[in-house]
Amino acid sequence: MFKVIFLFVLVTFIYKITPDWLFEYDSFVFLEQYLTIALPVLLFAFYEFKKDKTSPAQFLDLREFKFSMILFAFVVFILIQPVNYYLSELTAMVFSTSLSSDELEPFWIGVLNIALMPAICEEILFRGAILSYQKQVMKSTLAIVALNGFLFALFHLNIEQFFYTFFMGAVFAYMSLVSRSIYPAMITHFLSNLLTTFEMPESFSYISNFEPIENLRMVAVLLLALVALYFVLKGMKRSFLNSKG
C-alpha cells in the first residue's frame, strides 16, 4: 500500500506545484501533463522492470488491443453520461459550480489538451501503475475499485467535481480489472473528455434549470442507465474471461 500512496502523492505534488507560466501557451499544455504525470509513471515502470523484470507494458496493463474494447468503451461512455450529469447537478445544489472558458482555443488544441493527453496520462497513472500496485496488496475487487476511484477524484482537488470523478474512476478501474488492459478505460475517458471540448466553447456550466430530486424522468433515466451499465460491465467481464479461456 505504501507504493500506492507514495506514487499518488508524488505525482499529484509534482503536477499541482508546477507553475502555470512554464506552459503558458495552449499549444504546450500537453507537455505539462506528459512531464508531470506520464514521465514519473514511466520511471516507476522501468524501476519495476529493473527490480523484478516486470515489463513496462505488463506493469501498466498495456496489453493486446482488441476491437471489442472499442465497442465496450463506447457503450460504457454512453451509459455513464446520465450518471455524471445527475451527480454534477446534485453537486451544483450545494456548490455554485460554473466552469467556463474566457478565451476560445482552436478545436484541435482543445482535443489534445482536454481530451487526449489527460486520457492517456491519467489512465497510465491510475489504471496502470496505481492499479497494478493495488492488485499486489488488495484482494477485494470492491475495495480496489473504490480506492482507485477515490484517488482519481482526489487528484483533481476540486470538491465540485469529486462525486462524478469518483464514479468515473471506479468504473474505469473495474473496466481495467476485467479486461486486464487500460485501453477500454482510456477510450471511455477520452470520449468523456471529448464531450467536454464540444461544450466548453459556449460556456460549460453544471448549473441549469434541472431539479434532480423532483424530476422523475431523469431519475428513471438514471436508474435505467445504472442497470444497463451493470449488465454491460458484467458482459464485458464474461467476454474477456472467455477470450482468455
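Residues numbered from 1 in each chain as written. Predicted model: local features only at pLDDT ≥ 70, side-chain atom pairs only at ≥ 80, totals over all residues. Heavy atoms only, no water.

Caption draft 1: Region of the structure containing the environment of A38. Mapped onto the secondary structure, A38 falls in helix α2 (residues 29-52). When its relative accessible area of 4% is taken as the criterion, A38 is described as buried. For the pair formed by A38 and M117, sequence separation is 79 residues and the distance between their alpha carbons is 9.4 Å. When residues no more than four places from it in sequence are discounted, the contact partners of A38 are Q33, C121 and I124. (Helix = DSSP H or I, 4+ residues; strand = E, 2+ residues; numbered from the N terminus. Buried < 20%, exposed > 50% of the residue type's maximum accessible area, 1.4 Å probe, protein only. Contact = heavy atoms within 4.5 Å.)

Caption draft 2: Main features of the packing of helix α4 (residues 67-94) against helix α7 (residues 162-179). For the pair α4 and α7, interaxial distance at closest approach is 8 Å and the crossing angle is 155°. By the angle between their directions, the pair α4 and α7 is classed as roughly antiparallel. For the crossing formed where α4 meets α7, the hand is right-handed. Only F163, Y164, F167, M168, V171 and M175 of α7 make contact with α4, whose side of the interface consists of A73, V76, I80, V83, N84, L87, S88 and T91. Tallied by class, the residues present in the contact of α4 with α7 amount to 11 nonpolar, three polar and no charged. (Axes fitted to C-alpha atoms, helices over the stretch in contact; angles between N-to-C directions. Parallel < 35°, antiparallel > 145°, perpendicular 65-115°, else oblique. Left-handed = near helix turned anticlockwise from the far one by under 90°. Nonpolar A, V, L, I, M, F, W, Y, C, P; charged D, E, K, R; others polar.)

Caption draft 3: Seen up close, a nonpolar patch on the surface. On the surface, L31, Y34, L35, L39 and L43 cluster together to form a nonpolar patch covering roughly 400 Å² of accessible area. Along the polypeptide, L43 turns up in helix α2. Relative accessible area serves as the criterion here: at 55%, L43 is assigned to the exposed category. (Patch = residues over 30% accessible without salt bridge, like charges linked within 9 Å, V, L, I, M, F, W, Y side chains within 5 Å. Areas by Shrake-Rupley, 256 points an atom, 1.4 Å probe, with all protein chains shown as cover. Salt bridge = Lys/Arg side-chain N within 4 Å of Asp/Glu carboxyl O.)

Caption draft 4: Inspection of the confidence of the model for the protein chain at higher detail. In this model, the protein chain carries a mean pLDDT of 85, and residues with pLDDT of at least 70 account for 85%. Mean pLDDT across the elements of the protein chain ranges from a minimum in helix α9 (residues 216-244), with 88, to a maximum in helix α6 (residues 141-155), with 97. In the predicted structure, residues 200-209 sits below a pLDDT of 50 and forms 24 contacts with residues beyond four places in sequence or in another chain. (pLDDT = per-residue confidence, 0-100.)

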